[in-house]
Amino acid sequence: MESVIRGAAIYLVLLMALRLSGRRTVAQMTPFDLVLLLIIAETTQQALLGDDFSLINAALLIVVLFSLDIGLSYVKQWAPSLGRIIDGTPTVLISDGKPDLRAFARARISLEDVLTTARVEQGLERLDQIKSAVLEADGALSIIPQET
Amino acid sequence: MSSLEKPAVREDGLQLEEHRRFQERFWTIERFSWGIFALIIFAALLGAFGSGGPLATKVSELDAAIVEHPRIGRWEGTDEMTIRFKSDPATEAHSLFLSNAFAEVFQVEDIQPLPARTLIEGGGQQLFFDNPSKSGGVVTLHLRAQAAGPAKFDVRVDDEFVSLSSFIFP
């Protein structure tokens, strides 16, 4: 019983903390974010297992975590509004070449972040070469270049 | 919109559902929750979740001793209970009674110094400490919480009873 409760509680706490900390934390990973992720992984491992290092405990936890994930994917399909809360929605940062500065500020994304992604993924040199930029629900930045 | 329906094509040519109002609300909730994160950290520094801090320990002053016990603890976490016996020229020995409810919540991992003898009673256990110098002294119980939730237990120092309570976080 304890393994199931531990697994579910940690899953929900992590889901809430990651979601509320903002998408920047997930996709725009700096070396500090990587350190944070490693510490979180170590902390949750201890909270999940406690003093019980048995195989059955590990197996039970894996089953619980996968089941929660599968269950949530069904919930998201049946109730898209809940899916938006859990996964988030895409945010258009640049539309038709015009940056939405409010969206940039609220999503804590800088123009430099967009320009970096544009250079890396599309080989673009300037902001005016970007038609659209979208902060995806998974935290990734998508860049659509202007048609030439 | 169901997850299998196609999103409409926007004026800028993007085929996506932005849900901007929802996103604006969520950004507000996000910032509000960061305030809650700060409050949680502040409360943790004060000891509201145990493991040190002024709120985590309660000090009870009795005639014969001052008892410090964990008011807030953590399941499977270590804590200390300290009994500071006051000097009493008329007493060469002190006794400490811990009710059964105490043993149900806390595992005593160590007692410093060890009691001279221990008695089992119907309602709990009594520990006796010799104090030939009559100058008082400190007894420290190193504890590990074994049950989560609220707990009430009785402690008797020499002849004086005190009811104590702890909350153990799961």
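Residues numbered from 1 in each chain as written. Chains lettered and ligands numbered in written order. Predicted model: local features only at pLDDT ≥ 70, side-chain atom pairs only at ≥ 80, totals over all residues. Heavy atoms only, no water.

- UniProt lists a comment for chain A under the heading Subcellular location (unreviewed entry), and it reads "Cell membrane".
- Under the UniProt heading Sequence similarities (unreviewed entry), the entry covering chain A gives this text: "Belongs to the UPF0702 family." (UniProt positions renumbered as here; feature names shortened; annotations may be inferred.)

### A short note on the overall build of chain A
Part 1 of the argument: Within chain A one finds seven helices and four strands.
Part 2 of the argument: Whereas a compact globule of 148 residues would reach a radius of gyration of roughly 15 Å, chain A reaches 19 Å, over 25% beyond that.
Part 3 of the argument: Taken along its principal axes, the extent of the C-alpha atoms in chain A is 60 × 35 × 25 Å.
Part 4 of the argument: Buried residues in chain A amount to 32% of all 148 residues.
Part 5 of the argument: Pairs at least 24 apart in sequence give 60% of the contacts found in chain A among residues at least 6 apart.
Part 6 of the argument: With the model as given, the accessible surface of chain A reaches about 8900 Å², and the carbon-plus-sulfur share is 67%.
Part 7 of the argument: Each charge sign in chain A was given a centre, from 13 positive and 17 negative side chains, and these centres are 8 Å apart. (Helix = DSSP H or I, 4+ residues; strand = E, 2+ residues; numbered from the N terminus. Rg over C-alpha atoms; globule rule 2.2 N^0.38 Å. Buried < 20%, exposed > 50% of the residue type's maximum accessible area, 1.4 Å probe, protein only. Contact = heavy atoms within 4.5 Å. Areas by Shrake-Rupley, 256 points an atom, 1.4 Å probe, with all protein chains shown as cover. Lys, Arg positive; Asp, Glu negative; His and termini not counted. Charge placed at Lys NZ, Arg CZ, Asp CG, Glu CD.)

### Brief notes about the packing of helix 4 (residues 55-78) of chain A against helix 5 (residues 80-87) of chain A
Residues and elements named next belong to chain A.
Part 1 of the argument: Axis separation between helix 4 and helix 5 bottoms out at 5 Å; the angle between their running directions is 130°. When the axes of helix 4 and helix 5 are compared, the pair comes out oblique. Together, Leu72, Val75, Lys76, Gln77 and Trp78 of helix 4 and Pro80, Leu82, Gly83, Ile86 and Asp87 of helix 5 make up the contact between the two elements.
Part 2 of the argument: Grouping the constituent residues of the contact of helix 4 with helix 5 by class yields six nonpolar, two polar and two charged. (Axes fitted to C-alpha atoms, helices over the stretch in contact; angles between N-to-C directions. Parallel < 35°, antiparallel > 145°, perpendicular 65-115°, else oblique. Nonpolar A, V, L, I, M, F, W, Y, C, P; charged D, E, K, R; others polar.)

### Looking at the sheet that holds strand 9 (residues 137-145) of chain B
Residues and elements named next belong to chain B.
Part 1 of the argument: Overall, antiparallel pairing links the five strands, which are arranged 1-2-4-9-6 in an open sheet. Since the sheet does not close on itself, it has two edges, and those belong to strand 1 (57-61) and strand 6 (106-112), each with one partner. Neighbouring strand axes in the sheet, compared pairwise and without regard to direction, differ in orientation by 20° on average.
Part 2 of the argument: As paired elements, strand 2 (residues 65-70) and strand 4 (residues 78-85) share four bridges and run antiparallel to each other. Residue pairing across strands places glutamate 68 opposite threonine 82, the latter belonging to strand 4. (Pairing = 2+ DSSP bridges.)

### What about the pairing of strand 4 (residues 141-145) of chain A?
The side chains of a regular strand alternate, first on one face of the sheet and then on the other.
Residue and element names in this part refer to chain A.
Part 1 of the argument: Here strand 3 (residues 130-135) pairs with strand 4 via five bridges, running antiparallel. Along strand 4, the bridge assignment pairs serine 132 with isoleucine 144.
Part 2 of the argument: Linking two consecutive strands that pair antiparallel, namely strand 3 and strand 4, is a turn of five residues; a positive phi of about 95° is found at glycine 139 within it.

### Examining the interface of chain B and chain A
Part 1 of the argument: Contacts between the two partners involve 28 residues from chain B, matched on the other side by 29 residues from chain A.
Part 2 of the argument: With both sides pooled, the region where chain B packs onto chain A buries about 2300 Å², and carbon together with sulfur makes up 53% of that total.
Part 3 of the argument: By the criterion of area lost to chain A, the three top residues of chain B are Asp12, Phe22 and Trp27 of chain B, representing 21% of everything that side buries.
Part 4 of the argument: Counting every contact that joins chain B to chain A gives two salt bridges.
Part 5 of the argument: Between arginine 102 of chain A and glutamate 24 of chain B there is a salt bridge, with the nearest N and O atoms lying 2.6 Å from each other.
Part 6 of the argument: At the surface where chain B touches chain A, the tally comes to 11 residue pairs in polar contact (both at pLDDT 80 or more). (Buried area = accessible area lost by both parts, 1.4 Å probe. Salt bridge = Lys/Arg side-chain N within 4 Å of Asp/Glu carboxyl O. Polar contact = N/O pair within 3.5 Å; in protein donor to acceptor, adjacent residues only side chain to side chain.)

### Points about the environment of serine 87 of chain B
Residue and element names in this part refer to chain B.
Part 1 of the argument: Locating serine 87 in the fold gives a position in the loop between strand 4 and strand 5 (93-99).
Part 2 of the argument: Here serine 87 falls in the exposed class, since its relative accessible area comes to 53%.
Part 3 of the argument: Between the C-alpha atom of serine 87 and that of aspartate 154, which follows or precedes it by 67 residues, the distance is 23 Å.
Part 4 of the argument: Those residues in contact with serine 87 that sit more than four places away from it in its chain are Lys134, Ser135 and Gly136.

### Structural notes on the packing of aromatic side chains
Part 1 of the argument: A full pass over the atoms with the stated rule returns nine aromatic pairs over all chains.
Part 2 of the argument: Taking the centre distance of 5.3 Å and the plane angle of 40° together, the rings of phenylalanine 102 of chain B and phenylalanine 106 of chain B count as tilted.
Part 3 of the argument: Judged by its relative accessible area of 1%, phenylalanine 102 of chain B is buried.
Part 4 of the argument: The exposure class of phenylalanine 106 of chain B is buried, given its relative accessible area of 3%.
Part 5 of the argument: A centroid spacing of 5.1 Å and a plane angle of 75° characterise the contact between phenylalanine 102 of chain B and phenylalanine 153 of chain B, whose relative ring orientation is edge-to-face. Here phenylalanine 102 of chain B, found in helix 2 (residues 100-105), pairs with phenylalanine 153 of chain B, found in strand 10 (residues 149-157); they are 51 residues apart in sequence, far enough to count as distant. Each of the two residues, phenylalanine 102 of chain B as well as phenylalanine 153 of chain B, counts as buried.
Part 6 of the argument: One aromatic cluster is present, built from ring pairs that chain together Phe49, Phe167 and Phe169 of chain B.
Part 7 of the argument: When the ring centre of phenylalanine 22 of chain B is taken as origin, the NZ or CZ atom of arginine 84 of chain A, which lies over that ring, is 5.9 Å away. (Phe/Tyr/Trp six-rings, centres within 6.5 Å; stacked < 30°, edge-to-face > 60°. Lys NZ or Arg CZ within 6 Å of the ring centre and 35° of its normal.)

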